[in-house]
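# Breakdown of the fold
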Amino acid sequence: MSTQTTPTLQQSLRGRVVEQKDADYDAVRALYNGMIDKRPRMIARCVDVADVIAAVNFGRDNGMLTAVRGGGHSGPGLGSCNDGLVIDLSLMKGVRVDTGNHTVRVEAGCTSGDVDHATHPFGLAVPFGIVSTTGVAGLTLGGGTGHLTRRYGLTIDNLVEADVVLADGSVVTASERQHPDLFWAIRGGGGNFGVVSSFLFRAHPVSTVYAGPIFWDASLHGQEVMKAYREFLPTTAEDLGTFVGLKTVPPGDPFPKEHWGKRACAVISCYNGSGAEGQRAMAPLLKATPPPLFNWMGDMPFPAFQSLFDGLFPKGLQWYWKGDFVKSLPDEAIATHIREAAKAPSHLSLMHLYPIDGAVRRVAKDATAWSARDATWSMVIAGVDADPKKADQLKTWGREYWKAVHPFNMAGAYVNFMMDDEADGRVQATYGENYARLASIKAKYDPKNLFRVNQNIKPAG
């Protein structure tokens, strides 16, 4: 490549092109997952849509491998690439709340915490994930499950429209009325179809919630709690978002010192309503289970709950994720979970089961690209630690755990819980009957597969 190419891109941007020779290159290229070390040739730090257009045109015209980074939270590091171009949207942080019609316009570099900050003063929230550092763009394009999902659906079920820069450099708005095929595809189909520069979401009344974690000793009561949770979930109000997990009590404040290092079964819940109503909603589960190690549920602002665990998971930790969609949770599967989780190589490693029910089930399987409407949970197994020397242990544990429980699960997985080492056919299994339609839409909007640094859907034909 000519030495003149970089100035040409820079001259087209209001933002800045960061190259390998620049002093801040390592800081700018660093990924959320410290296990992944990619060295792009250049990073286009976009500040507006015109910058995104220029970067897309440059990457296409120069035949460069092109990755797109939004909020930068991708587990498999798909917001970057080696020896290519990164279109970095992380400086595009605008959020505009329309209180008249309860919608929120969100630029693609925002995290869910950025949006919570803007919406909370108006008593509103958009259904996002469970950690405030999660990037809105990647979460949304993959589907989006979180604390408000049971009542208000997936993040994509609350998407009204999106502005998309296509592979040819043109810009379109995708909605039910404009480019409806593209709108269908981006609701779960990932970043395969273009660069989304902004999203318009519906927001819902959410302010103070009754929320928090409850921990039990997994070695003593884990199976009992998971069975009770399994029976409790379909009976409880949709205003209660509640998921179950297996983890370790972290060795540090604010966790009680006498429980540090214990294997734990946790139920983490968020009731969108008063404390009294939330206590009533949780009462059947607590009645069916032994006394917990601790119960930290209480009234708090929704953004406080969304950010409750941020301190445990700063940028730069080692991560290895494996996921599955789960239809049922038989006793044998629960016993397998308890056994495999007990082998965790670090206190941050975990397994979570996020509910897929309620409002999610009221959307048809073919209404969006995200097709797992008939699942009951989305499972993630995450090996996590700060020490790079533990990377192999985290991978081994995650893979062996997944191998042990996968026979109980469905064929596909939530794309946001998939790494870049998934077996052939896994993406197709994830989308099921929707895959052929996705491949056709890919052929229409990105026929040469410019946007392929993702869980890739290859163009049909």
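See the structure printed just above.
Bear in mind the structure is a predicted one, so any value in this text is a computation, not a measurement.

## Overview of the overall build of the protein
Along the backbone of the protein there are 14 helices and 19 strands. Relative to its length of 461 residues, the protein is compact, with a C-alpha radius of gyration of 22 Å against a globular reference of 23 Å. The principal-axis extent of the C-alpha atoms belonging to the protein is close to 70 × 50 × 40 Å. Classification of the 461 residues of the protein by burial places 61% in the buried group. Long-range contacts, defined as pairs at least 24 residues apart, comprise 73% of the intrachain contacts of the protein with a sequence gap of at least 6. Total accessible area on the protein stands at roughly 17,500 Å², and carbon and sulfur atoms take up 52% of it.

## Points about the pattern of salt bridges
Oppositely charged side chains can form a pair if their charged atoms are brought close together. What the rule picks out here adds up to 32 salt bridges. A salt bridge links Arg39 to Asp26; the nearest nitrogen and oxygen atoms lie 3.9 Å apart. One end of the pair, Arg39, is in the loop between helix 2 (25-29) and strand 2 (42-45); the other, Asp26, is in helix 2, and 13 residues separate them in sequence. Residue Arg39 is classed as partly exposed on the basis of its relative accessible area, which comes to 36%. Judged by its relative accessible area of 46%, Asp26 falls in the partly exposed class. Across the pair Asp239 and Arg151 runs a salt bridge whose closest N-O atoms are separated by 3.2 Å. Taken together, the positions of Asp239 in the loop between helix 8 (218-232) and strand 13 (240-248) and Arg151 in helix 6 (residues 149-152) put the pair 88 residues apart, joining distant regions of the chain. Each member of the salt-bridge network shares a partner with another, and the members are Arg16, Glu19, Lys21, Asp22 and Asp24.

## Quick look at the nonpolar core
Ranked by internal contacts, the top residues of the largest apolar core, which has 146 residues, are Phe199 and Met226. Here this core gets seven residues from one element, more than from any other, and that element is strand 14 (residues 263-271). Ignoring any residue separated from it by four or fewer positions in sequence, one finds Met226 in contact with Val244, Leu246, Cys265, Leu329, Ile334, His337, Ile338, Met351 and Leu353. Grouped together as the second largest cluster of nonpolar side chains are nine residues, Val18, Leu78, Cys81 and Val86 included.

## A few points about the sheet that holds strand 5 (residues 95-98)
Here we have five strands laid out as an open sheet, ordered 5-6-10-8-9, and antiparallel in their pairing. The sheet terminates laterally at strand 5 and strand 9 (171-175), the two strands that pair on one side only. If you compare each strand with its neighbour and ignore which way they point, the axes differ by 15° on average. Two strands pair when backbone bridges link them, and strand 5 and strand 6 (residues 103-107) are joined in this way by four bridges, in the antiparallel orientation. Looking at strand 6, one finds that Asp98 is bridged to Thr103. The strands that helix 3 (residues 49-61) touches are strand 8 (159-165), strand 9 and strand 10 (195-202); relative to strand 8, the one it contacts most, it runs at about 50°.

## Examining the side chain of Lys442
Tracing the chain through its elements places Lys442 in helix 14 (residues 435-445). A distance of 2.9 Å separates polar atoms of two side chains, one belonging to Lys442 and the other to Asn449. Ignoring anything within four residues of it in the chain, the contact list for Lys442 reads Asn192, Phe193, Pro447, Asn449, Phe451, Asn456, Ile457, Lys458 and Pro459.

## Some points on empty space enclosed by the protein
In total, this model carries five cavities of 30 Å³ or more according to the counting rule given. In this structure, the second largest cavity encloses a volume near 80 Å³. What lines the second largest cavity is Ile130, Thr145, Gly146, His147, Thr149, Arg150, Gly241, Thr242, Phe243, Tyr354 and Pro355. Mapped by element, the contributors of at least two residues to the lining of the second largest cavity are helix 6, strand 13 and strand 18 (350-355). Broken down by element, the residue count for the lining of the second largest cavity peaks at three residues, all from strand 13. Classifying every residue of the lining of the second largest cavity gives four nonpolar, six polar and one charged.

## As for the packing of aromatic side chains
One pass over the structure, following the stated rule, counts 17 aromatic pairs. Where Tyr229 meets Trp377, the ring centres are 6.4 Å apart and the plane angle is 35°; that geometry is what we call tilted. Of this pair, Tyr229 sits in helix 8 while Trp377 sits in strand 19 (residues 377-385), placing them 148 residues apart in sequence. Considering the side-chain rings of Phe313 and Trp319, the 5.5 Å spacing of their centres and the 45° angle between planes classify their relative orientation as tilted. Cluster of aromatic residues (ring-pair linked, three or more members): Tyr32, Phe243, Phe313, Trp319, Trp321, Tyr354, Tyr414 and Phe417. In this structure, Arg437 is placed above the aromatic ring of Trp184, and the distance from its NZ or CZ to the ring centre is 3.9 Å.

## Thoughts on the layout of surface pockets
The calculated volume of the largest pocket comes to roughly 390 Å³. Lining the largest pocket are 20 residues; nearest its centre among them are Val427, Asn454, Gln455, Asn456 and Lys458. Among the elements that take part in the lining of the largest pocket, helix 13 (residues 426-431) stands out by supplying three residues, more than any other. Taken together, the residues of the lining of the largest pocket sort by class into six nonpolar, six polar and eight charged. Its volume calculated, the second largest pocket comes out at about 270 Å³.

## Considering helix 3
Between its first and last C-alpha, helix 3 extends 18 Å over 13 residues, near the 18 Å set by a 1.5 Å rise per residue. For helix 3, every residue scored as buried is listed here: Asp51, Val52, Ala54, Ala55, Val56, Phe58 and Gly59. One side-chain oxygen of the residue at the start of helix 3 lies 3.4 Å from the amide nitrogen of Ala50, identifying that residue as Asp48. At the C-terminal side of helix 3, Gly63 shows a positive phi close to 60°.

## Concerning the environment of Lys442
According to the relative accessible area criterion, Lys442 is buried, its value standing at 0%. Distance in space between the C-alpha atoms of Lys442 and Leu182 is 8.8 Å, their sequence separation being 260 residues.

The rules behind the values
Residues numbered from 1 in each chain as written. Predicted model: local features only at pLDDT ≥ 70, side-chain atom pairs only at ≥ 80, totals over all residues. Heavy atoms only, no water. Helix = DSSP H or I, 4+ residues; strand = E, 2+ residues; numbered from the N terminus. Rg over C-alpha atoms; globule rule 2.2 N^0.38 Å. Buried < 20%, exposed > 50% of the residue type's maximum accessible area, 1.4 Å probe, protein only. Contact = heavy atoms within 4.5 Å. Areas by Shrake-Rupley, 256 points an atom, 1.4 Å probe, with all protein chains shown as cover. Salt bridge = Lys/Arg side-chain N within 4 Å of Asp/Glu carboxyl O. Core = buried A, V, L, I, M, F, W, Y, C linked by side-chain atoms within 4.5 Å. Pairing = 2+ DSSP bridges. Axes fitted to C-alpha atoms, helices over the stretch in contact; angles between N-to-C directions. Polar contact = N/O pair within 3.5 Å; in protein donor to acceptor, adjacent residues only side chain to side chain. 1 Å grid on protein atoms, 1.4 Å probe; cavity = no way out; pocket = protein on both sides within 12 Å on 5 of 7 lines; lining within 4 Å. Points joined across faces, edges and corners; volume = space filled by probe spheres on them. Nonpolar A, V, L, I, M, F, W, Y, C, P; charged D, E, K, R; others polar. Phe/Tyr/Trp six-rings, centres within 6.5 Å; stacked < 30°, edge-to-face > 60°. Lys NZ or Arg CZ within 6 Å of the ring centre and 35° of its normal. Expected span 1.5 Å × (residues − 1).

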